[in-house]
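# Secondary and tertiary structure notes
Each chain, written out:
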2 protein chains.
Amino acid sequence: MTPAFEQLQKQLKQLPGVGYRSAERIALHLLVEKPAQLPALVHALESAAGAVHRCTRCGNLAEEALCAVCTDPQRDHSVVCIVEHVPDLVAIERSGAYKGAYHVLHGRLSPIHGVGPADLNFEALMARIARGEVKELILALSNDVEGEATCHYLSTHLPPGSTVGISRIGFGLPSGGGVLYADSVTLRSALEGRRHYS
Amino acid sequence: MTPAFEQLQKQLKQLPGVGYRSAERIALHLLVEKPAQLPALVHALESAAGAVHRCTRCGNLAEEALCAVCTDPQRDHSVVCIVEHVPDLVAIERSGAYKGAYHVLHGRLSPIHGVGPADLNFEALMARIARGEVKELILALSNDVEGEATCHYLSTHLPPGSTVGISRIGFGLPSGGGVLYADSVTLRSALEGRRHYS
């Protein structure tokens, strides 16, 4: 195809879940089949890039100073769920299982990748705790070494004198998962996380 | 999420192969995870929309007056493969099985959808034939009623006195396909299209 077409295909291929063939299909769709969609897509991309930024309180996506979660009076803002990234928050919201607030770290501690405490959204969290807004922290971080390190750092660096309760989400078999198909680390987590069954 | 985010998600969801979840994932990718990719994507979209148009001879994508196929001296321009859409041309090119020229109709006759001969790229094809450039037409149109109607129209509306040979691509079992799994229409095509086997 033409150079501009190939450049577009290359850009599309970098999107998550879009391979070489899908990128070609999308590029042909936008250039040949539905050319009217192209300016609308460009407009939506530019509008979103201009309008969407981080919530100043929790780090979620927002168009005002605060995000939709932080301004929702129906939610319990004294319970704060700590997540690594915005998509984690979206996944928890989708489950409908949580009605508290969030705090998005935008990463996790990873000395090997040069990510230290100053690179994460810790300061705003400490400010929230120091203001006395928070009664409980739920650590919804990954079940791996870096998630573990981030949990450890958080639990040992709370503001002096804070009485915040801290919990970490459960690990074990996923819903619908059988013991036979679970990997060893998951089984270890599941055994360690066993609960009394009456 | 925010209104601008949802607008972007809605636009992305209209792309082929992109569902609700993929659109959310791509929007989060572009706004949160790799924001540097967003302007590059917008630039590629706008450049392609500005640079890519139809080849004046065959209707393929082109950045100059003629496309890469029409200007390739290695190809046999006296054989012209008629396709409905640019993606069909791309699929045939990908097979590596064809080294002639193309003509893209940008649709097929469909009275029920209000598509008549004037809506298709027929005139440029007739001009090519009238100039004596074409010795053979290969009709690579769909194996259905509308494809059949388009083939019939083409074969009966060639310029007066033209001696162009016309063939239609073969229909039958797809590669790797067994008789057991083929539908009745395919089996009928396959039986009608049987060839002598020595």
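Quick notes on the rules
- Residues numbered from 1 in each chain as written.
- Chains lettered and ligands numbered in written order.
- Predicted model: local features only at pLDDT ≥ 70, side-chain atom pairs only at ≥ 80, totals over all residues.
- Heavy atoms only, no water.
- Helix = DSSP H or I, 4+ residues; strand = E, 2+ residues; numbered from the N terminus.
- Rg over C-alpha atoms; globule rule 2.2 N^0.38 Å.
- Contact = heavy atoms within 4.5 Å.
- Areas by Shrake-Rupley, 256 points an atom, 1.4 Å probe, with all protein chains shown as cover.
- Lys, Arg positive; Asp, Glu negative; His and termini not counted.
- Charge placed at Lys NZ, Arg CZ, Asp CG, Glu CD.
- Axes fitted to C-alpha atoms, helices over the stretch in contact; angles between N-to-C directions.
- Parallel < 35°, antiparallel > 145°, perpendicular 65-115°, else oblique.
- Nonpolar A, V, L, I, M, F, W, Y, C, P; charged D, E, K, R; others polar.
- Pairing = 2+ DSSP bridges.
- Least-squares fit on C-alpha atoms with pLDDT ≥ 70 in both.
- Domains from an automatic or database assignment.
- Left-handed = near helix turned anticlockwise from the far one by under 90°.
- Buried < 20%, exposed > 50% of the residue type's maximum accessible area, 1.4 Å probe, protein only.
- Salt bridge = Lys/Arg side-chain N within 4 Å of Asp/Glu carboxyl O.
- Right-handed = clockwise from strand over helix to strand, strands pointing away.

Time to look at the overall build of chain A. Of regular secondary structure, chain A possesses 7 helices and 6 strands. Of the regular secondary structure in chain A, the N- to C-terminal order runs α-α-α-β-β-β-α-β-α-β-α-β-α. Against the 2.2 N^0.38 benchmark of 16 Å for 198 residues, chain A shows a C-alpha radius of gyration of 21 Å, more extended than a compact globule. Projected onto its principal axes, the C-alpha positions of chain A cover 65 × 45 × 35 Å. Summarising the internal contacts of chain A: among those between residues at least 6 apart in sequence, 46% fall at separations of at least 24. About 10900 Å² of surface is accessible on chain A, with carbon and sulfur atoms providing 54% of the total. If you average the places of the 18 positive and of the 20 negative side-chain charges in chain A, the two averages end up 4 Å apart.

It is worth spelling out the packing of helix H2 (residues 20–33) of chain A against helix H3 (residues 37–51) of chain A at this point. Helix-helix packing is characterised by the crossing angle of the two axes and by the distance between the axes. All names here are of chain A. One can describe the packing of H2 onto H3 by two numbers: an axis separation of 8 Å at closest approach and a directional angle of 120°. By the angle between their axes, H2 is oblique relative to H3. Residues His29, Leu30 and Leu31 of H2 lie in contact with H3, whose contacting residues are Gln37, Leu38 and Leu41. Class assignment for the residues of the contact of H2 with H3 results in 4 nonpolar, 2 polar and no charged.

What follows covers the sheet that holds strand E5 (residues 136–139) of chain B. All names here are of chain B. With parallel pairing, 4 strands are arranged side by side in an open sheet as E4-E3-E5-E6. Either end of the sheet is taken by a strand with one partner, and the two such strands are strand E4 (100–104) and strand E6 (165–168). Taken over all neighbouring pairs, the strand axes of this sheet differ in orientation by 25° on average, direction set aside. In this structure, E5 lies alongside E6, joined through 4 bridges in parallel fashion. Within E6, the residue paired with Ile138 across the bridge is Ser167. Packed onto the sheet, helix H4 (residues 86–95) meets strand E3 (76–83) and E4 and runs at close to 160° relative to E4.

This next bit is on the relation of the copies chain B and chain A. Each copy of the sequence occupies a distinct position, and chain B is placed on chain A by a rotation of 180° and an axial shift of 0.0 Å, giving an RMSD of 0.1 Å. Put plainly, the chains are arranged around a two-fold axis. Ranked by how close their C-alpha atoms come to the rotation axis, the residues of chain B are headed by Val42 of chain B, at 2.9 Å. When you check the interface residues of chain B against chain A, 100% turn up at the interface there too, and the contact is symmetric in its surfaces.

All names here are of chain A. As summarised here, the arrangement of the 4 strands in space is E4-E3-E5-E6, forming an open sheet in which the pairing is parallel. The open sheet has two free edges, formed respectively by strand E4 (100–104) and strand E6 (165–168), since each of these has just one partner strand. Strand-to-strand, the axes of this sheet are offset by a mean angle of 25°, without reference to chain direction. Sitting on the sheet, helix H4 (residues 86–95) touches strand E3 (76–83), E4 and strand E5 (136–140), and the angle it makes with E4 is about 160°. Across the sheet, helix H6 (residues 145–156) lies against E3, E5 and E6, angled at about 175° from E6, the strand it touches most.

What follows deals with the domain arrangement of chain A. Split by domain assignment, chain A resolves into domain 1 (3–51) and domain 2 (74–196). Relative placement of domain 1 of chain A and domain 2 of chain A: their C-alpha centres are 35 Å apart.

Let us look at the packing of helix H5 (residues 122–130) of chain B against helix H6 (residues 145–156) of chain B. Residue and element names in this part refer to chain B. Packing of H5 against H6 brings their axes to within 12 Å, and their N-to-C directions diverge by 40°. What the angle tells us is that H5 and H6 run oblique. Helix-helix and strand crossings are classified by hand; for H5 and H6 the assignment is right-handed. From H5, Phe122, Leu125 and Met126 reach across to H6, where they touch Thr150, Tyr153 and Leu154.

Quick look at the side chain of Gln37 of chain B now. Along the chain, Gln37 of chain B turns up in helix H3 (residues 37–51). Overall, Gln37 of chain B belongs to the buried group, its relative accessible area being 14%. Non-local contacts of Gln37 of chain B, meaning those with residues more than four positions away in its chain, are made with Gln11, Gln14 and Leu15 of chain A together with His29 and Leu30 of chain B.

Before going further, it helps to examine the pattern of salt bridges. Residues and elements named next belong to chain A. Counted by the stated rule, this structure contains 16 salt bridges over all chains. Taking the shortest distance from any N to any O, the salt bridge between Arg108 and Glu146 comes out at 3.3 Å. With Arg108 in the loop between E4 and helix H5 (122–130) and Glu146 in helix H6, this pair connects stretches of sequence that are 38 residues apart.

This next bit is on the pairing of E3 of chain A. Residues and elements named next belong to chain A. Extensive coverage of E3 is indicated by the burial of 6 of its 8 residues. As paired strands, E3 and E4 are joined by 5 bridges and run parallel to one another. Directly across from Val80, in E4, lies its bridge partner Ala101. Considered for its hand, the β-α-β crossover made up of E3, H4 and E4 is right-handed.

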